[in-house]
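Structure at a glance
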Amino acid sequence: MELSLVHPAIKAFMCGSFSGTCSTLLFQPLDLVKTRLQTLQSGMQPGSGRVGMMSVLLGVVRTERLLGLWKGVSPSFVRTIPGVGIYFSSYYSLKQHFFQDNRPGAAQAVVLGGGARTVAGVVMLPITVIKTRFECGRYSYVSVSGALRSVCQSEGPAALFSGLMATLLRDVPFSGIYVMFYSQTKASLPPEMSLSPWASLANFSCGILAGVLASLITQPADVVKTHVQVNPQLRTADAVKYIYTAHGVEGFFRGAVPRCLRRTMMAAMAWTVYEQMMAHIGLKS
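The paragraphs below set out a description of the structure included in this document. (Residues numbered from 1 in each chain as written. Predicted model: local features only at pLDDT ≥ 70, side-chain atom pairs only at ≥ 80, totals over all residues. Heavy atoms only, no water.)

1. Some points on the overall build of the protein chain
What counts, and what does not: Note on conventions: DSSP H or I runs of at least 4 residues are helices, E runs of at least 2 residues are strands, and numbering of each starts at the N terminus. Each radius of gyration reported is based on C-alpha atoms, and the globular scaling rule is 2.2 Å times the count of residues to the power 0.38. Relative accessibility under 20% of the residue-type maximum defines a buried residue, over 50% an exposed one, and the middle range a partly exposed one, all with a 1.4 Å probe and only protein chains included. Surface exposure here means Shrake-Rupley accessible area, sampled with a 1.4 Å probe, where a residue is shielded only by the protein chains that are shown. Only four residue types enter the tally: Lys and Arg on the positive side, Asp and Glu on the negative side, with His and both chain ends excluded. Where a charge sits is defined by one atom per residue type, namely NZ (Lys), CZ (Arg), CG (Asp) or CD (Glu).
Helix and strand content of the protein chain: nine helices and zero strands. From first element to last, N terminus to C terminus, the protein chain shows the α and β order α-α-α-α-α-α-α-α-α. Against the globule reference of 19 Å for 285 residues, the protein chain gives a C-alpha radius of gyration of 19 Å, in line with a compact fold. Considered along the principal axes of its C-alpha atoms, the protein chain spans approximately 55 × 40 × 35 Å. Looking at the protein chain residue by residue over its 285 residues, the buried ones come to 50%. Per element, the accessible surface of the protein chain, about 13,600 Å² overall, is 67% carbon and sulfur. Across the protein chain, the centroid of the 25 positively charged side chains sits 5 Å from that of the 12 negatively charged ones.

Okay, structure coming up:
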């Protein structure tokens, strides 16, 4: 089938999946370090010494070798390839339906980004749960399919949707805030920049700024989400109470550095690659 005959939403899905694959492969180690930092809280006594990002990274390399930093990359791929594709195809479809060729405003960009992320987040949540468990090092799963069977048999299918509320509270605001900052910073660039050889670098820089701001705002929800998915007996409210009681406000920002680096770089790369590919096939992203 010729590419020209493919529905635009399918083209957006293909571009998004490719961009997500590239960014996941590059930045998976940061996600693993972030998850280990957050789950370390459960085994630490209040007031105990801090464990930093580099300590965790070196510890993983020492005990699990260099490839240990890519533990959980299989479920990450299973989640990201369709997940980012669903996100961008939903974003493209919503934008075309409601705005067509008009540029959405700041509030409209928040709704667009949040709506697209809601669809992708709910559909891909079971794989997100498995990915988090792979990365935390507490479960001895061999494969994604085996992990899915194990969770369904031992905990029931509902466990695959643990952390749904915390995930949506993290991902929907992140995506909405990111799209708002990204679209607004891009709109502030000189018009001739989009036609220059530096267009991709300019877009990537806008993505970096948007990613840093969105990551910091949504970091507490990410910590809560990780605790709920690693300890499925915890409810969201219980996880919030535990983190605050044991570690104070600082506990909600554990793992902020690796997450901020990863989410920022992944989002900036994904959007840059997606927009370049969409432009290459003649579609307005």
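Moving on, there is more to tell.
2. Thoughts on the packing of helix H1 (residues 8–39) against helix H7 (residues 199–230)
Our working rule: Axis lines are fitted through C-alpha atoms, for helices just across the contact stretch, and the angle between N-to-C directions can take any value from 0 to 180 degrees. Here roughly perpendicular refers to angles of 65 to 115 degrees, roughly parallel to angles under 35, roughly antiparallel to angles over 145, and oblique to all remaining angles. The contact criterion used is simple: two residues touch if any of their non-hydrogen atoms lie within 4.5 Å. Under the scheme applied here, ten amino acids are nonpolar (Ala, Val, Leu, Ile, Met, Phe, Trp, Tyr, Cys and Pro), four are charged (Asp, Glu, Lys and Arg), and all others, including Gly, are polar.
The contact between H1 and H7 brings their axes to 10 Å, and the two run at 75 degrees. Here H1 is positioned roughly perpendicular relative to H7, judged by the angle of their axes. Residues Lys34, Thr35, Gln38 and Thr39 of H1 form the contact with H7, whose own contacting residues are Gln219, Asp222, Val223, Lys225, Thr226, His227 and Val230. Of the residues contributing to the contact of H1 with H7, the split by class is two nonpolar, six polar and three charged.

3. Focus: the packing of aromatic side chains
Rule in force here: Pairing of aromatic side chains requires ring centres within 6.5 Å, counting the rings of Phe and Tyr and the six-membered ring of Trp. Pairs whose planes differ by under 30 degrees are stacked, by over 60 edge-to-face, and all others tilted. Whether a charge lies above a ring is judged from NZ of Lys or CZ of Arg, which has to be within 6 Å of the ring centre and within 35 degrees of the ring normal.
Under the definition given, this model contains 10 aromatic pairs. Centre to centre, the rings of Phe88 and Trp271 are 5.0 Å apart; their planes meet at 75 degrees, and the pair counts as edge-to-face. Of the two residues, Phe88 is situated in helix H3 (residues 73–98) and Trp271 in helix H9 (residues 256–280); the sequence distance between them amounts to 183 residues. Neither residue differs from the other here; Phe88 and Trp271 are each classed as buried. A connected cluster of aromatic rings, assembled from ring pairs, spans Tyr87, Phe88, Tyr91, Phe174, Tyr178, Tyr182, Trp271 and Tyr274. Its guanidinium or amino end placed over the ring of Tyr87, Arg117 lies 4.3 Å from that ring's centre, counting from NZ or CZ.

4. Some remarks on helix H8 (residues 236–247)
Here is the rule we go by: Given the number of residues in a helix, its expected span is that number minus one, multiplied by 1.5 Å. Working definition: the arc comes from the directions between the helix axis and the C-beta atoms, pointing outward to the latter.
Between the first and last C-alpha of H8 there are 16 Å, a value that for 12 residues agrees with the 16 Å anticipated at 1.5 Å per step. All of the buried residues in H8 are Ala239, Ile243, Ala246 and His247. The buried residues of H8 occupy one face: seen down the axis, they fall within an arc of 85 degrees. For H8, the exposed residues lying more than 90 degrees away from the buried face are Ala237, Lys241, Tyr244 and Thr245.

5. Things to note about the pattern of salt bridges
We count it as follows: In the sections that follow, a salt bridge refers to a side-chain nitrogen of Lys or Arg positioned within 4 Å of a carboxyl oxygen of Asp or Glu.
According to the stated counting rule, one finds 11 salt bridges in the structure shown. With a shortest N-O distance of 2.5 Å, Asp222 and Arg170 are connected by a salt bridge. Here Arg170 lies in helix H6 (residues 164–187) and Asp222 lies in helix H7, a separation of 52 residues in the sequence. Summarising the burial analysis for this pair, Asp222 and Arg170 share the class buried. Here the residues in one salt-bridge network are Asp31, Lys34, Lys131, Arg170, Asp171, Asp222, Arg259, Arg262 and Arg263, joined through shared partners.

Any functional reading would require information beyond the geometric quantities listed.
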